[in-house]
Amino acid sequence: MITVWLALSLAVITGLFLALLESAHTASGAYYLDLCARSAADSLLADYHRDLWERYRVFGLEEYADEEIRDELYTYTEVYRDPAANRTWGGLSFTPEDIRVTDTKTLLSEGGGPLREEILSYMRLAWPLSEETTESFRSFTERAAAERTAEDVSEWVGSMTGSAVEMAEAAGRICKEADLLRQNKAVLISAAEYGDRAAFTERASEMREHAENIKALTRACRKASERYDAETADHREDAKDTKALREKLDGLAAYTDRFLRDLTEAEGFSEEAEREEAEEEDADDERLRAIWHSARRAAEELSMPDSFWTGRTMDGEKLGQLKNAGALLSAGLLEVLLPEGASVSEETIRVPEAPSLAAGSPSGTEIFSLADRALLSEYVLRHMECYQKDGGEGKLQAEYVLYGLESDRADLSAAVCEGMAIRTGEGLLSLLADAKKRKEAEALSAAVTGGMPGTMEALTFVILVLWAAWQAASDLKVLLAGGKVPAIRSGKEFTVSLSDILSGKISGEDEGTGIDSRDALRLMLIMHMDGERVLRMADVMQYEMGFIQEDFRMRRMVTELEAVVSAREMHVFSLKGTYEMQTTVRRSYCR
């Protein structure tokens, strides 16, 4: 009995021991397979594109298909499959078909998300942002977004100036025609008094012409007034509308209709006198005197434009100078501001299969944190070319990232326009807050318009905007020449005078302190950085790497992969033969 019990106990204990051995064998086999898969994946990712890393500090594994990744993973598992290298196991048993690549992400996956994360990971180490720096960026971007005057400030300034000047010119010509009407009325009365039919007819014809001119000028002045109000609608707190002037114009239009009717009546007496003289050789002198008396009374009763339209003289020369200043800012500004001898190419950075043009690209509506936008913008300036005064035909890569237009020249022009919009807005606020500068603008406007209400206020605002825009253009000229200007100017710091605007010359001097062109570009990049611009960064990378490797494509740069590896192993004690082990490995450059 005892012998049987001992035998059974030994059998149970032996079975338990063998089961534990089998379990340990299975568990260690699974661990060994997982180690094999992780080691292979790490070895594969270690074969990153060296040139891409050296140039842009971005990791990417160049692969063309999942089958290539599978085959390379299998190659890196050789040491784990070699019986000589593993005496304990005798090597794992699996084939390339036992490796399945279940997922891969390239640098362009998810709208360039992996590329963005790699850049941010690198920049957080290369350029740690302090809270003070972040706050200064926040302050600038909020201020710039609030103060920019218009998307295309040059065109806006030119159009608004043109409308205001046309309005003032038309109003000035109305005043001139009104004064001529008044002068001709006295001559008309004198001609009626002496019965001089030829002189009466001539003067009446001239007065009719002046009245018709006033009528046409009234319409032109009203249209210019409406355009000006539409163009300054977003600045109504600072730019008063010209509604009161239009009311005066409406009254003037009604007056001219009335005047022409009265003038026709006066001309009728002259015609009656002519008929009287033609019908009888010996015309009745009494009758003629009565007719001319009526003509004189009709001439005397001709009403004249009210005092609002008389006694005012517009300075046509200065109006023309202001109009020319606005036109200069609205046409060919880049050519005016570029330093002498500087050249900008008409070529583009866009390449075949450009990442930014690929299907599924982001719309640019993603919201990045301010810190991320600052880091990405700094990365662009550190690793990509931008405008330099003596840069020759170098590519404007940072400007392309910002705007993505058809040529370097178009991108630089867009940067200049945006710089104008931001600095004009800042300058306008500074001028509006400076009482002395406002008085200078008002004095010039009063001198140019003869103090006419409506046109004087409109032209005052135009002069302030031109002043701010001229200072902005002067600053940009300095920046493009490699100099520095203050980041923000107060009215007292303006270096441009009103005489500079009237002269039509844009000039500026390096002030030695403040921001340079790279700083200005950095701030604009921070304002606009989004997913679309990250993909344009990929365009630049693909363009530059194409000089090293002609068939380089960012869409083939793998940054994350997932694979399932299966292996078969013999049971140690079981007679069932082999069993299958499986493990999943996921590896990424950013994790």
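Here the structure is shown first, and the text comes after it.
Notes on the structure in this doc start here.

To continue, consider the overall build of the protein chain. Scanning the protein chain for helices and strands turns up 20 helices and 4 strands. Classification of the 591 residues of the protein chain by burial places 49% in the buried group. In the protein chain, 81% of the contacts between residues at least 6 apart in sequence involve partners at least 24 apart. Counting only carbon and sulfur atoms, one obtains 51% of the accessible surface of the protein chain, whose full area is about 28400 Å².

As for its position among the elements, E206 is in helix α8 (residues 197–231). For E206, a relative accessible area of 25% translates into the label partly exposed.

Evaluation of the coordinates by the stated rule reveals 10 aromatic pairs. Arranged with centres 5.6 Å apart and planes meeting at 70 degrees, the rings of F200 and W292 form a pair that is edge-to-face. With F200 in helix α8 and W292 in helix α10 (residues 285–300), this pair connects stretches of sequence that are 92 residues apart. Comparing F200 with W292 shows no difference in burial state: the two are buried.

With that out of the way, let us pick up the packing of helix α7 (residues 153–194) against helix α17 (residues 455–480). Two elements in contact, α7 and α17, have axes whose closest approach is 10 Å; the angle formed by their N-to-C orientations is 150 degrees. Between α7 and α17, the angle is such that the two are roughly antiparallel. In this structure, α7 meets α17 at a crossing whose hand is left-handed. Where α7 approaches α17, its residues W156, V157, M160, T161, A164, V165, M167, A168 and A171 are matched on the opposing element by T455, A458, L459, F461, V462, V465, L466 and A469. The class makeup of the residues in the contact of α7 with α17 is 15 nonpolar, 2 polar and no charged.

For the rest of this paragraph, the subject is the environment of L431. Turning to its location among the elements, L431 is positioned in helix α15 (residues 408–432). With relative accessibility at 0%, the residue L431 sits in the buried group. If near-sequence neighbours (up to four positions away) are discounted, L431 is found in contact with K437, R438, L464, W467, A468 and F494.

What follows covers the pattern of salt bridges. Applying the stated criterion to the full structure yields 30 salt bridges. Between D475 and R423 there is a salt bridge, with the nearest N and O atoms lying 2.9 Å from each other. Taken together, the residues D475 in helix α17 and R423 in helix α15 connect sequence positions 52 residues apart. For the pair formed by D475 and R423, the shared burial category is buried.

This part takes up unusual backbone geometry. A negative phi angle is the norm for most residues apart from glycine, just as the trans form is the norm for most peptide bonds. For R57, which is not glycine, the phi dihedral falls at a positive 55 degrees. Phi is positive for E110, which is not a glycine, with a value near 55 degrees. Secondary-structure assignment places E110 in helix α5 (residues 109–126).

Take the nonpolar core next. Membership of the largest hydrophobic core comes to 98 residues, with the highest contact counts inside it found for F259, W309, L329, M420 and L459. Sequence-distant contacts of M420, that is, excluding residues within four places in its chain, are made with V153, S154, L329, L333, A469, A472, A473 and L476. The next biggest cluster of nonpolar side chains, apart from the first, holds 45 residues, and it includes L52, L115, L381 and A415.

Now for a nonpolar patch on the surface. A cluster of nonpolar residues, I2, W5 and L6, forms a patch on the protein surface that exposes about 380 Å² of accessible area. Here W5 shows up in helix α1 (residues 2–45). Accessibility expressed as a relative area gives 55% for W5, which makes it exposed.

Right, let's get into the environment of L459. Mapped onto the fold, L459 is located in helix α17. The exposure class assigned to L459 is buried, which follows from its relative accessible area of 0%. Taking the C-alpha atoms as reference points, L459 and S445, separated by 14 residues in sequence, lie 5.7 Å from one another.

Take helix α16 (residues 435–449) next. Across its 15 residues, α16 extends 21 Å between first and last C-alpha, which sits within 8% of the 21 Å expected from 1.5 Å per residue. Among all positions of α16, only K437, A441, L444, S445, V448 and T449 are buried. Each buried residue of α16 sits inside an arc of 115 degrees when the element is viewed along its axis, so together they form one side. Exposed residues on α16 whose side chains face more than 90 degrees from its buried face are A435, K436, K439 and A447. Elements that come into contact with the buried residues of α16 comprise α7, α11 (316–330), α15, α17 and α18 (498–503). The N-cap of α16, judged by a side-chain oxygen 3.1 Å from the amide nitrogen of K436 a few residues on, is D434. In the segment just after α16, G450 is the residue with positive phi, at about 70 degrees.

Turning our attention to the packing of α11 against α17. For any two helices packed against each other, one specifies the crossing angle of their axes together with the interaxial distance. Contact geometry for α11 and α17: axes closest at 11 Å, N-to-C directions at 45 degrees. Accordingly, the angle class assigned to the pair α11 and α17 is oblique. Where α11 crosses over α17, the two elements pack in a sense that is left-handed. Counting all contacts with α11, which are made through L319, L322, A325, G326, L328 and L329, the residues of α17 involved are L459, I463, L466, A469, W470 and A473. Its residues placed into classes, the contact of α11 with α17 shows 11 nonpolar, 1 polar and no charged.

Conventions adopted
- Residues numbered from 1 in each chain as written.
- Predicted model: local features only at pLDDT ≥ 70, side-chain atom pairs only at ≥ 80, totals over all residues.
- Heavy atoms only, no water.
- Helix = DSSP H or I, 4+ residues; strand = E, 2+ residues; numbered from the N terminus.
- Buried < 20%, exposed > 50% of the residue type's maximum accessible area, 1.4 Å probe, protein only.
- Contact = heavy atoms within 4.5 Å.
- Areas by Shrake-Rupley, 256 points an atom, 1.4 Å probe, with all protein chains shown as cover.
- Phe/Tyr/Trp six-rings, centres within 6.5 Å; stacked < 30°, edge-to-face > 60°.
- Axes fitted to C-alpha atoms, helices over the stretch in contact; angles between N-to-C directions.
- Parallel < 35°, antiparallel > 145°, perpendicular 65-115°, else oblique.
- Left-handed = near helix turned anticlockwise from the far one by under 90°.
- Nonpolar A, V, L, I, M, F, W, Y, C, P; charged D, E, K, R; others polar.
- Salt bridge = Lys/Arg side-chain N within 4 Å of Asp/Glu carboxyl O.
- Core = buried A, V, L, I, M, F, W, Y, C linked by side-chain atoms within 4.5 Å.
- Patch = residues over 30% accessible without salt bridge, like charges linked within 9 Å, V, L, I, M, F, W, Y side chains within 5 Å.
- Expected span 1.5 Å × (residues − 1).
- Arc of directions from axis to C-beta.
- Polar contact = N/O pair within 3.5 Å; in protein donor to acceptor, adjacent residues only side chain to side chain.

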